[in-house]
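Structural features, examined
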Amino acid sequence: MESATLLVALIVGLPLLGFLINGLLGLANPGFRNRKTLIGAIANLSVFVPFLITCYFFLNFTSETEPLISTFFTWIETGSFSVDIAYQIDQLSIVMMLVVTGVGSLIHFYSIGYMWHDEGYWKFFAYLNLFIFAMLNLVMGNNLLLLFLGWEGVGLCSYLLIGFWYTDMAKSDAANKAFWYNRIGDFAFLIAMFLTFQSVGSLNFQTILSDLSAIPADYKFWIGFLMLVGATGKSAQIPLFVWLPDAMAGPTSVSALIHAATMVTSGIYLISRMSPMFVMSPEVMIIIAVIGALTALVAATIALTQNDIKRVLAYSTVSQLGYMFLALGSGAFTAAIFHVVTHAFFKACLFLGSGSVIHAMEHVEHGLHEDGKAAHFDPQDMRNMGGLKEYMPSTYWTFLLATIAIAGIPPLAGFFSKDEILAFAFSAGFSEFAGPLYFFVWGIGIVTAFLTAFYMFRLTFGTFNGEFKLPNRIADAKNAAKHLHESPFTMTFPLWALGILSVIGGFLGVPNFIAETFTHQEAHINLLHNWLHNVNADFGMTLSHGVEWTLMIVSIAIAIAGSLVAYRMYGSGATEESDAKLAARFGGLYEIWKQKYSLDEIYEGLISKPLVRFSDKGLAVFDMKFVDGIVNTVGGIVRLFGSLTRYIQTGVASTYALALVIGVIIVISILIL
Amino acid sequence: MELLLNICIYLPLAGIAALLFTRNEKAIKWISLVVTSAVFLLSLPLLFNFDIAGSATAQYLTVGEPFLNGLDIKYIVGLDGLSLLLFMLTTLFGPIVILSSWNSITKHLTGYYAMLLLLQTASLGVFASLDLIVFYVFFELSLIPMYFLIGIWGGKGRIHATIKFFIYTLVGSLIMLIGLIYVGYDAGSFFNDYAFSTDWRFLSSSEYQVGLVEQTWLFLAFALAFCIKVPLFPFHTWLPYAHTEAPTAGSVVLAAIMLKVGTYGLLRFCLPLFPNAFIEFAPYMAVLAVIGIIYGALVAMVQKDVKKLVAYSSVSHLGFVVLGLFAFNTIAVQGALIQMINHGLSTGALFLIVGMIYDRRHTRMIKDFGGIAKVIPVFAVMFMISTLASIGLPGLNGFIGEFLILNGSFHSEVLGSSVFTILAATGVILAAVYMLWMYQRVMFGPLKNEENEDLVDLNAREIGLLVPLVIFMVWIGIRPVDFIQYSEAQISQLIESSKDKSVAVKQNAIQEDLPEWANTLYDVTPELASEELDNERFEENENSEGLK
């Protein structure tokens, strides 16, 4: 056990150490900042070694192994309240740790090439390591408060990395926005913790979950609901999702790691971790499912109107996170985690692919400038792209694989996880509580599946198919194509690794009914279910094999239909023409999508602007004029009183004598009378 | 050890004497630095030898003879769990404020450093004194050097600011003095030995009780003085003036040390002496605290002067402390105590940082900056850490205090409603808004102002000032137990004994003929005041709170 504690310490400690070394040396010694190989090596090893150790734990664990708790020291202790800095390794945290350190390692490796020429290279890797540290605390902490430390810690890193290029005010605005929206969720999370402590007397997961009957039913509802609100902040769900698309202001590898693969799935992890409690309040479950479904749909409709390659992916992430919430709300916790894993593969691949494209486009712009051309264009706008598959084959093929995966075409990763989610949602439709709503939620899931295939292929075709559009759009860019080139090995290697994982990742969760249909006996081929069955409190699957097959065929048909429509409209790379057709077909609706449902404007107009104006023109003035005014008035009255009585103090002896005489007369007359 | 405590308190006075013998500027600075550093080093044994298990009783006690015949006013100093950390915070800030003034103060050096040293003695004395009159003397003594620091070495509006500060605080403390004299006579007659007694060891003992009617008036008198000092909304308007006009060192001492005297006084004196009033007024005080938290944050948000913004943020932060104190349970009061330290560290650091940028540019207006993170990266990092500590990021100190206060007040029997906590917790969102927005406008974006291009990054002295504070921010954030352990035993004991006392006072009050308002306020009716029923009332509160 001693050695296990040491290994846990290494997993958590190494990324922290990497952060401190690169951060402090880089800050203190400008010469160190140029030793890029060394910095990159330190940062990469700080993540890769924990990945190897996690693999070791994984290999030594079975689905029946008891959780391993490593307690380091008491964090806070006063009165009846006590929490430890203690980590819990169990089946669920191992899955998350593998994703965090595994995908994290690939993205660290990618960043070496992607950030090589950036002057903040050292700082970037320091932040990235700090992020891994915080994220590991989030998924490994054995109590809610330590999870919360990680929760806010990843929020900080997200803030620092979104605003990485802080001289651009818009990027810095996006960073603030991310932090603030997350804080709104964190506020709810805090209250949830207070309620938990009040009813259980502890924030420790094992203590909370071991005796759920100790929590009164209304507490369960409120704790669950408030945790959900917390999760809508971190995991970008309605109504708090608006920060995530703006978060794309950060370097692309950050978008891949933090804003797609890991941090934004924290909310799903939290709810899975607490799943035995959540299943006991069906009201919260249906709210989660509805929020997830609506988010999936809303984000998907926005995604199909966007032209910025990263924004499409950002809305796609929001939409996929919506699917995960839909899964959680349908009692399919394992399916949600499954989708977290497959999504980490294909979405990280897509983001890194987009980074590779943006890298190439920036190189074009740079090359044109060197040619003496004053060409300025947005390197993320897909209307400037097209035809890139000839120039960037690795990027193209991996991007395509990931697109097929997210579109839900079998047998790639996204198909299995999405199919399982939809099957569970349909199955929940037969439950006693809110059954019809679950069918509705399932229906939204199906519509969104169509949209997902459609907008993703629109993006892929628009970027890689047809011909390179930039030379025709900008006068000075006639020879732009000659500057196009594939990205270096440090960038293409992670692309291929993630591309392959997007292909095979789905086999972690092949549904049992497929085997059962053929063998006619109970089968357990769903590896993830086998692995997590002691941790997650999944609803039972009530559907017959026939229904499951039907659902699966429906979802395949939907995915293929979406892809085919996209191919017909965008296959030749004619993005703008086809967009115009879409806009004409959907009219006002399309306009709403394109305006992103005007949520930012609504929040700004209804909350932030009035609040600032109220504080500025109302409270601040009130403070100076009224509150301070009263103080000054009291002071003024005293002074007035003083200055009035001063007149009595004339200094003339005869006046005093007169007053004396009058006084004596009054006193004597009182005594006599 | 007793001697050591006294040396710590009075060594700065010896330093003042030494300052009179030299006119050399360098010597003046060095004498001040050596003296305050020595005080800090000498205070360390007080921390290390402190008996944690026995934190409830005052240690290193010096008890003098009564000053006057027939009046039991004695020089009593000592440290216990309530005062130890605040005392240490004061000694830590001693050398820091001296160093922060090193190059920025150029006129009347002797007077300036003498005032800082006098302030050090007064602040240490306030926390160490265990006699009400001695406390009062130190309390008032600390006003004088601050009055001059703001009035002589302050900014343009210094005269108005310092007079407002002085008179406002003085009015409060004079009212407290009346209450204090009353308590002295009351206690004197109670213990029979003397006609007048302010020995804290008697006053805080469980036998000494103040009647309900007297408690009400005395509580209000004491609380007014302390609330002005805190400052609690709506008594806060002197603070923005004082902070904006004070020189950096003045602001730092004001924020880090002097404001704590207010919350410390509430905890040290109001709570054990007037427990019934403390409990009955708790919800009203909590209302003011919560208003302060939100109001301070919103007003801070729209400030254009960084220093004023930080000043208003103090109003917000100290609202948390007051909320914690009046939540009246161990978790929240412990949170309040550590939050006093936290606020001292992070706001102290922020004022130092504002001072450093002011030294360079002679402006503190947000609009004059922007994009300077690139020019002065070390400054940017220090500023960022202090900002994050101030907004309560877990892993740094501010979170520990806020979390304990909110968690404790959430299920406070005395407050009786979790609405206070929920409203107060919005302050956590607002803090992130105003601090990060300010940080962004000062540090990020393009470098607009040419004058900022040649800003020089922090020098060794300035880094040295901030690093200890940053270390404590991280230390308290990760291992708060190392700090809150000093007060744990005392606070839980204090809460319990004060609760018992309040029950006892109430029972005794049944026989008395109380005025109608007191009966209503304290809910004293012969039926209700029996002990069982009283306990039941506590339980009722417990059950009915929570999900309101």
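The structure presented is a predicted model; accordingly, all values stated were derived computationally and were not measured.

Below, the discussion takes up the overall build of chain A. A tally of helices and strands in chain A yields 27 helices and two strands. Projected onto its principal axes, the C-alpha coordinates of chain A cover approximately 125 × 70 × 55 Å. The buried share of chain A, reckoned over its 673 residues, is 56%.

Further remarks concern the overall build of chain B. Counting its secondary structure elements, chain B contains 21 helices and three strands. Computed over its C-alpha atoms, the radius of gyration of chain B comes to 23 Å, within 12% of the 24 Å expected for a compact globule of 548 residues. Considering only C-alpha atoms, chain B reaches an extent of 75 × 55 × 40 Å along its principal axes. Counting the 548 residues in chain B, one finds 60% classified as buried. Across chain B, contacts joining residues at least 24 apart in sequence account for 80% of those joining residues at least 6 apart.

Residues and elements named next belong to chain B. Interhelical geometry of helix 12 (residues 275–301) versus helix 17 (residues 419–443) gives an angle of 20 degrees and a closest axis separation of 9 Å. Judged by the angle between their axes, helix 12 and helix 17 are roughly parallel. Between helix 12 and helix 17 lies a crossing whose hand is left-handed. Packed against helix 12, whose contacting residues are Ala 286, Val 290, Ile 293, Ile 294, Ala 297, Leu 298, Ala 300 and Met 301, the element helix 17 presents Phe 420, Leu 423, Ala 424, Thr 426, Gly 427, Leu 430, Ala 431, Val 433, Tyr 434 and Trp 437 at the interface.

With 14 residues, helix 16 (residues 397–410) of chain B should cover 20 Å at 1.5 Å per step; its first-to-last C-alpha distance of 20 Å lies within 8% of that length. In terms of burial, helix 16 of chain B is a largely internal element, 14 of the 14 residues being buried.

This paragraph deals with the confidence of the model for chain B. Residues and elements named next belong to chain B. Per-residue pLDDT for chain B averages 90, and the proportion of residues at 70 or more is 95%. Under a pLDDT of 50 for its full length, residues 540–548 has, in the predicted model, 14 contacts with residues more than four places off or in other chains. Here the prediction assigns the complex a pTM of 0.93, and the interface score ipTM is 0.92.

Further remarks concern the interface of chain A and chain B. With 40 residues of chain A at the contact, the number on the chain B side is 50 residues. Among the elements of the structure, strand 1 (68–78), helix 5 (144–162), helix 6 (169–200), helix 8 (217–234) and helix 26 (599–646) of chain A are those that each provide at least two residues to the side of chain A that touches chain B. Per-element accounting of the side of chain A that touches chain B gives the leading share, 13 residues, to helix 6 of chain A. Of the residues contributing to the side of chain A that touches chain B, the split by class is 22 nonpolar, eleven polar and seven charged.

Residues and elements named next belong to chain B. Judged from the five bridges that link them, strand 1 (residues 59–68) and strand 2 (residues 71–79) form a sheet pairing that is antiparallel. If you follow Leu 68 over to strand 2, its bridge partner there is Leu 71. Hairpin connection between strand 1 and strand 2: a loop of two residues separates the two successive antiparallel strands, and Gly 70 in this loop has a positive phi of roughly 85 degrees.

We now examine the packing of helix 15 (residues 377–390) of chain B against helix 18 (residues 460–478) of chain B. Residues and elements named next belong to chain B. Look at helix 15 against helix 18: their axes get within 11 Å of each other, and the N-to-C directions meet at 35 degrees. In this structure, helix 15 meets helix 18 at a crossing whose hand is left-handed. Within the contact between the two elements, helix 15 uses Val 378, Met 382, Ile 385 and Ala 389 and helix 18 uses Ile 463, Leu 466, Val 470 and Met 473.

With that out of the way, let us pick up the confidence of the model for chain A. When the pLDDT values of chain A are averaged, the result is 92; 100% of them are 70 or greater. Here helix 19 (residues 470–473) of chain A stands out as the least confident element of chain A, with mean pLDDT 84; helix 4 (residues 121–140) of chain A is the most confident, with 96.

Time to look at the sheet that holds strand 1 of chain B. The three strands lie next to each other as 1-2-3 (chain B), forming an open sheet whose pairing is mixed. The open sheet terminates on both sides in strands that have one partner only, identified here as strand 1 and strand 3 (196–197) of chain B.

Along an α-helix, a turn takes 3.6 residues, which lines up residues three or four apart on a common side. Taking 1.5 Å per residue as the helical rise, helix 13 (residues 282–303) of chain A with its 22 residues ought to reach 32 Å, and the 31 Å between its terminal C-alpha atoms agrees with that figure. For helix 13 of chain A, the buried fraction is high: 18 of the 22 residues fall into the buried class.

Moving on to the pairing of strand 2 (residues 81–89) of chain A. Residues and elements named next belong to chain A. Most of strand 2 sits inside the fold, with seven of its nine residues counted as buried. With nine bridges connecting them, strand 1 and strand 2 associate as antiparallel partners. Looking at strand 2, one finds that Thr 71 is bridged to Ala 86.

A separate point is the nonpolar core. Side chains of nonpolar character tend, in soluble globular proteins, to be buried together. Counting 434 residues, the largest nonpolar core has Ala348(A), Ala425(A), Cys270(B), Leu323(B) and Phe326(B) as the members making the most contacts within it. Broken down by element, the residue count for this core peaks at 20 residues, all from helix 15 (residues 333–370) of chain A. Grouped together as the second largest cluster of nonpolar side chains are five residues, Leu212(B), Val505(B), Ala509(B) and Tyr522(B) included.

All names here are of chain A. Tracing the sequence through the fold places Phe 241 in the loop between helix 8 and helix 9 (243–246). Taking the C-alpha atoms as reference points, Phe 241 and Tyr 181, separated by 60 residues in sequence, lie 8.2 Å from one another. Residue contacts for Phe 241: discarding those within four places in its chain leaves Ala 236, Thr 295, Ala 299 and Val 318.

A few words now on unusual backbone geometry. Following Pro410(A), the chain continues to Pro411(A) via a peptide bond in cis, the omega torsion being 0 degrees. Its location among the elements puts Pro411(A) in the loop between helix 16 (393–407) and helix 17 (413–428). Cis rather than trans, the peptide bond between Phe233(B) and Pro234(B) has omega equal to 0 degrees. Position of Pro234(B) relative to the elements: it lies in the loop between helix 9 (212–229) and helix 10 (238–245). Even without being a glycine, Phe328(B) presents a positive backbone phi close to 60 degrees. A positive phi angle is found at His362(B), which is not glycine, with a value near 55 degrees. Mapped onto the fold, His362(B) is located in the loop between helix 14 (330–361) and helix 15.

With that out of the way, let us pick up the environment of Ser572(A). Residue and element names in this part refer to chain A. Within the secondary structure, Ser 572 is located in the loop between helix 23 (545–570) and helix 24 (575–586). Residues Ser 572 and Glu 467, 105 residues apart in the sequence, show an inter-C-alpha distance of 8.4 Å. Leave out the neighbours within four places in its chain, and Ser 572 touches Asn 465 and Gly 466.

The subject of this paragraph is the environment of Ala277(B). Residue and element names in this part refer to chain B. Looking at where Ala 277 falls in the secondary structure, it is placed in helix 12. With 104 residues separating them along the chain, Ala 277 and Val 381 place their C-alpha atoms 46 Å apart. Discounting residues that sit within four places of it in the chain, Ala 277 has contacts with Gln 215, Thr 216 and Phe 219.

Procedures and definitions
Along each chain, residue indices are assigned from 1 in the same order as the chain's sequence is written. Throughout, the order in which chains and ligands are written sets their labels, letters from A for the former and numbers from 1 for the latter. Only residues with pLDDT of at least 70 get local features here, since the model is predicted, and only at 80 or more are side-chain atom pairs given and counted; chain-wide, interface and lining totals rely on the full set of residues. Helix and strand definitions follow DSSP, with helices as H or I runs of at least four residues and strands as E runs of at least two, each counted in order from the N terminus. Three classes are used. A residue is buried when 20 or more other C-beta atoms lie within 10 Å of its own, exposed when 12 or fewer do, and partly exposed in between, with C-beta atoms placed from the backbone. The atom set for the radius of gyration is the C-alpha atoms, and the globule formula is 2.2 Å times the number of residues raised to the power 0.38. This entry defines residue contacts through backbone-placed C-beta atoms, with two residues in contact when those atoms are within 7 Å. Lines fitted to C-alpha atoms define the axes, with helix axes restricted to the stretch in contact, and inter-axis angles between N-to-C directions lie between 0 and 180 degrees. Should an angle lie under 35 degrees it is considered roughly parallel, over 145 roughly antiparallel, and from 65 to 115 roughly perpendicular; all remaining angles are considered oblique. By the definition used in this description, the sense in which the near helix is turned from the far one sets the handedness, with an anticlockwise turn below a right angle giving left-handed and a clockwise turn giving right-handed. Expected helix span is given by 1.5 Å per residue-to-residue step, counting one fewer step than there are residues. For every residue, the predictor reports its confidence as pLDDT, a number between 0 and 100. Residue type decides the class: Asp, Glu, Lys and Arg count as charged, Ala, Val, Leu, Ile, Met, Phe, Trp, Tyr, Cys and Pro as nonpolar, and the leftover types, Gly among them, as polar. Two strands qualify as a pair provided DSSP detects at least 2 bridges between them. In plain words, the nonpolar core is the set of buried Ala, Val, Leu, Ile, Met, Phe, Trp, Tyr and Cys residues that C-beta atoms within 7 Å link up.

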